[in-house]
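# Chain and residue survey
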Amino acid sequence: MMVQVAIEIGRVVFPLMALLLVVTSYPLHVWQREKDNDKVLFYSFLQKTMIFGTHFLGFLILVSAGDFDQSLLRLYGWQLGMMTGFVLLCAVFLRKGNVAVHNLILYFLAIGFVALARLDPALALRHTQLAGIGMVAYAAVGQLFYRMAFLKHLHLPFAVLTLGILSISNTTVNGSRNWFQYGPVSFQPSEAAKVLLVLFLAAVFLTEYKWKHVLYSGGVTAAAILILVFQRDLGTSLLLFVLYICLLYAYSGKKLFVLLGLGAGATASLAAFGLFRHVRVRVDAWLDPWQYVDSRGYQITQSLFALTTGGWTGSGLTKGMPERIPVVVSDFIFSAIGEEFGNYFTLALILLFFTLVLILFMDSDAVASPFYKLVNLGVGVLLAFQFFLIVGGVTKLIPLTGVTLPFISYGGSSIIMTFVLLGLVQSVFLRENALAARPVSATKPPATNPPVPKPPVQRRLSDKPAAPPTPGRYRFSKRVLFLFSLLFLALVLNLSHLLLFQREKIMVNSYNPRMGEIEASIIRGRILDRDGQVLAETRVEEGAQVRAYPQGRSSSHIVGYSQLGKTGLEALANAHLLSANLSFMDRVAVAITQEEVRGSDVWTTLDSGLQAVASEALAGKRGAVVALEPDTGKVLCMVSKPDFDPNTIVQEWNRLTGDAERSPLLNRASQGTYPPGSIFKIVTAAAALQVIQEDSFQYDCAGTATFGEKTIQCAGRQAHGLQTLEEAFANSCNTAFARIGELITMGDLQKTSEAFRFNQTLGYPLANLNSRFGLDNPNSTAEVSETVIGQGKTLVSPLHAAMIAATVANGGQMMRPYLVDGVLAADGRRVLKNMPEPLVQSIEPELAKTLKSYMVAVTNTGTGKTAALGDIQVAGKTGSAENPFGDTHAWYVGFAPAENPRIAVAVLVENSGSSTRNAAPIARKLMEAYLR
């Protein structure tokens, strides 16, 4: 019980402490610059208290959840000792160092210590020991580097060491030959090469701008990158490339080098894509990981599952499944943290690392010496871009590159060399403080006799002092900072977009192993219709949870089922149904009382009464009925026949899946597409009215006519006589519309069709098929004559047909169809309210008004009289669609009341012949039930 309370406290405290560090770290740096010692002491102590408190709370949870495992207690002692030792090292050897940087390092270490202890305690112990070595290196480099001024002249030794150390790699790990191993000793030479290249570039760029320096530095950097490429360490090669471009820009101030660098980088990326299979694999996994979810996309999909399942507040430390993420201790530790600590915390972590980068860049800008300025800038560039690469990779912003998360991921060479890099920064800070503390000597009185000038001293070339910096050089660190600010902003926006707009879709994916664990720990919420009638609920019977569907068959396809997989609303709203949305105090109360937790209720747009009417009207038939609210896009009703009973889905599964002829599990309303027949004349008329004058069209119908090689007939070969466009529409005159096909171009018709969303997605949240419009030969008169009357290759779903009718009813604006109106927490609080969203303005309001009048004529004088509702004016369109696989399909689409539409319907009855007898009466029943 108390473990769960601690976990819930941690879900709040961890992000809160991180946020407090975000808001105090940069001000702490500023106060230290301004010598405000009282504030520095107070806020530094406050930050350390929060850091040690965060580490303690993390281990309290881990130890409690692990039944007070002695090894975890020993590990805590090790880590506490190391963290305390780091504080003492900084106090003794780097007392005047950058306090904000000290504390940020300490915090990243604390988070890494807790995360690794959660994932692999044995590895965490080794990481802790390696961190101790890094701490000593940090203090030593901080004390020694600025005292060794001669290093600025050693560009050649640095170049040799960089290339030499890269060349000693002799061991392949995870496909990259970038490790050196000799007996028990192993390390990554590329980590040391990063430090050496920073020093090399700073030493070369120390003097005045010259082309030979550009070529010299570029040659050495290119050689280092080529070695890494041949070792297949593309992440580090990219880091060194960006480092070189940024320092070259700071040295020269020439934007041309940046543009050339971008071009070279793009060319190299294309070359790597062509040369290296593992690069192609990673790009494929980045572009569409779901296509390869159980192979090359497995790593990134597991990362996304972790981040989205954790959500904003996390599952709680020890409550997630981070062990399911491959290489989690190194490459994907950010995702593991996001799953259990929550993504409020990971966003704060991004901001904290940006604060560290900001401090490094701003300090670089304040340093006068070009060598030390460039060292600071180089360290900032390396750490910033490394952080961007790893976080961007695991959140699918960019392809994965396989670098570590500084101080947090496991990696011996990485953590030690990161300490060395920041030791250089601290040393520069100490140097600047020492220079600032030098007393300014008093001005001496002028001498009575001027001094005798000394004869010139002959100097060797090597003794020649460096030329003073060219005015304006080295002043570009703020511009580099701006570029990296955009990269960090991209990380924040990408992670936020992932959680705000993609979370539900990713989280409920059937490949997400976490959903089963969540389902076992929570009572699934209810699905309700628009009036609060229960469509699905979980009942506890004899100690077991049973999912029940009170409406039975009438809502089977749209509500779906949650056993043997999930479909319909059960799948769409799965994340909400399994989310309690409890407040912090409620979660603590549940942890204490051990009460069963209920998921949230999903309030839908469906009308269960309409569902029953439609289901009864379609009984014994095959087909579908869809009803929408025209001005909002709310789905009021969706029924498909044949259907099934979701209450007995498990028992009936084999029979249902084996019935290929009837396909009872298929939702024909959204997943079936059919020839539209004459209901497509709505689209044809819309295209015609934009091209020809309405009153200029007349056609004398003889009941049959030949167009090219195709003979077109009206229903029953009825001769309609002289027809206007409105009369041809009302009477569904095929020959008149075939003539219209000769007056308009197929480009006009295709444009109008696509305005009505043919060949495009409908924005519907459940599985659906796109409707299709197209011709093999637009110049074929025969094919055109079939297409304009809804035959040929044109296909439409009942859902889309209802949307077309609703679009005319809504003044030409098509609304995005939606099913979930809102979500209510178990205590009745509304936690989500969906709002109507326009999808597209398909046609102009005046044109919609004309089409509405045509559809009214269909009801009053034409083929749709059987849909009439007496005093309620109905607008509609009938359609009989020839079917190459059987008898004619019957269609009806319409809306009512025509003057103020409240419902739009589409009815399809397969292989039933007359739409007047078989489809329009069903629509009439539906509209009458809703409006009366």
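Bear in mind that the values here come from a model prediction, so they are computed numbers and not experimental data.

## With respect to helix 6 (residues 155-167)
Here helix 6 is 13 residues long and its end C-alpha atoms lie 18 Å apart, about the 18 Å a rise of 1.5 Å per residue gives. Packing partners of the buried residues in helix 6 comprise strand 3 (185-187), helix 7 (189-204) and helix 8 (211-230).

## Quick notes on the state of the cysteines
By definition, a disulfide links the sulfur atoms of two cysteine residues through a covalent bond. One pass over the structure, following the stated rule, counts 0 disulfides. Considering cysteine sulfurs only, Cys 701 is the nearest to Cys 733, which forms no disulfide, with 3.5 Å between them. According to the relative accessible area criterion, Cys 733 is buried, its value standing at 0%.

## Side note on the environment of Glu 191
Position of Glu 191 relative to the elements: it lies in helix 7. Owing to a relative accessible area of 7%, Glu 191 belongs among the buried residues under this scheme. Glu 191 sits 223 residues away from Ser 414 along the chain, and the two C-alpha atoms are 6.0 Å apart. Non-local contacts of Glu 191, meaning those with residues more than four positions away in its chain, are made with Ser 413, Ser 414 and Met 417.

## Observations regarding the pairing of strand 15 (residues 820-824)
In terms of burial, strand 15 is largely enclosed, as 5 of its 5 residues are buried. In this sheet, strand 15 lies alongside strand 7 (residues 601-604) in antiparallel orientation, the contact comprising 4 bridges. Opposite Val 602, over in strand 15, you have Val 823 as the bridge partner. Of the strand pairs in this sheet, strand 15 and strand 16 (residues 830-833) are connected by 3 bridges, and their pairing is antiparallel. Paired with Val 823 across the two strands is Leu 832, which belongs to strand 16.

## A short note on the domain arrangement of the chain
One can read the domain layout of the chain as domain 1 (121-434 + 474-501) and domain 2 (627-931). Measuring from the centre of the C-alpha atoms in domain 1 to the corresponding centre in domain 2 gives 57 Å.

## Focus on the sheet that holds strand 4 (residues 527-528)
With respect to topology, 6 strands assemble into an open sheet ordered 6-5-4-7-15-16, the strand pairing being mixed. A strand with exactly one partner marks an edge of an open sheet, and here the two such strands are strand 6 (544-548) and strand 16.

## Some thoughts on a nonpolar patch on the surface
There is a patch of nonpolar side chains on the surface, built from Phe 482, Leu 483, Leu 486, Leu 489 and Leu 493 and spanning about 490 Å² of accessible area. Its location among the elements puts Leu 483 in helix 17 (residues 477-501). Of the residues examined, Leu 483 reaches a relative accessible area of 46% and is grouped as partly exposed.

## Thoughts on the pattern of salt bridges
Between side chains of opposite charge, pairing is possible as soon as their charged atoms come close. Enumeration according to the criterion identifies 28 salt bridges in this entry. Notably, a salt bridge pairs Glu 742 with Arg 739, separated by 2.7 Å at the nearest N-O pair. Note that Glu 742 and Arg 739 are positioned in helix 29 (residues 734-743) at a spacing of 3 residues, about one turn of the helix. Classification of Arg 739 by relative accessible area gives partly exposed; the value is 31%.

## Considerations on the confidence of the model for the chain
Of all residues in the chain, 94% attain a pLDDT of 70 or more, and the chain-wide mean is 88. For the stretch residues 455-472, pLDDT sits under 50, and the model shows 4 contacts to residues farther than four places along the chain or on other chains.

## Describing a negative patch on the surface
On the surface, Glu 694, Asp 695, Glu 726 and Glu 727 cluster together to form a negatively charged patch. Tracing the sequence through the fold places Asp 695 in the loop between helix 27 (681-689) and strand 10 (699-701).

## Some points on the nonpolar core
Tyr 107, Phe 108, Phe 145, Phe 419 and Leu 422 are the most contacted members of the largest nonpolar core, which has 160 residues in total. Among the elements that take part in this core, helix 15 (residues 370-394) stands out by supplying 17 residues, more than any other. Core analysis: the second largest hydrophobic core is formed by 95 residues, Leu 569, Met 638, Ile 712 and Ala 805 among them.

## Things to note about the sheet that holds strand 2 (residues 176-182)
Hydrogen bonding along the main chain pairs the strands of a sheet, whether they run parallel or antiparallel. Read across the sheet, 3 strands follow the order 1-2-3 without closing on themselves; strand pairing throughout is antiparallel. Across the chains shown, the open sheet's two edge strands, defined by having one partner strand only, are strand 1 (171-173) and strand 3. For this sheet the average axis-to-axis angle between neighbouring strands, irrespective of direction, equals 40°. Inspection of the sheet shows strand 2 paired to strand 3 by 3 bridges, in the antiparallel sense. The residue bridging Phe 180 from the neighbouring strand is Phe 187, located in strand 3.

Procedures and definitions
- Residues numbered from 1 in each chain as written.
- Predicted model: local features only at pLDDT ≥ 70, side-chain atom pairs only at ≥ 80, totals over all residues.
- Heavy atoms only, no water.
- Helix = DSSP H or I, 4+ residues; strand = E, 2+ residues; numbered from the N terminus.
- Expected span 1.5 Å × (residues − 1).
- Contact = heavy atoms within 4.5 Å.
- Disulfide = S-S within 2.5 Å.
- Buried < 20%, exposed > 50% of the residue type's maximum accessible area, 1.4 Å probe, protein only.
- Pairing = 2+ DSSP bridges.
- Domains from an automatic or database assignment.
- Patch = residues over 30% accessible without salt bridge, like charges linked within 9 Å, V, L, I, M, F, W, Y side chains within 5 Å.
- Areas by Shrake-Rupley, 256 points an atom, 1.4 Å probe, with all protein chains shown as cover.
- Salt bridge = Lys/Arg side-chain N within 4 Å of Asp/Glu carboxyl O.
- pLDDT = per-residue confidence, 0-100.
- Lys, Arg positive; Asp, Glu negative; His and termini not counted.
- Charge placed at Lys NZ, Arg CZ, Asp CG, Glu CD.
- Core = buried A, V, L, I, M, F, W, Y, C linked by side-chain atoms within 4.5 Å.
- Axes fitted to C-alpha atoms, helices over the stretch in contact; angles between N-to-C directions.

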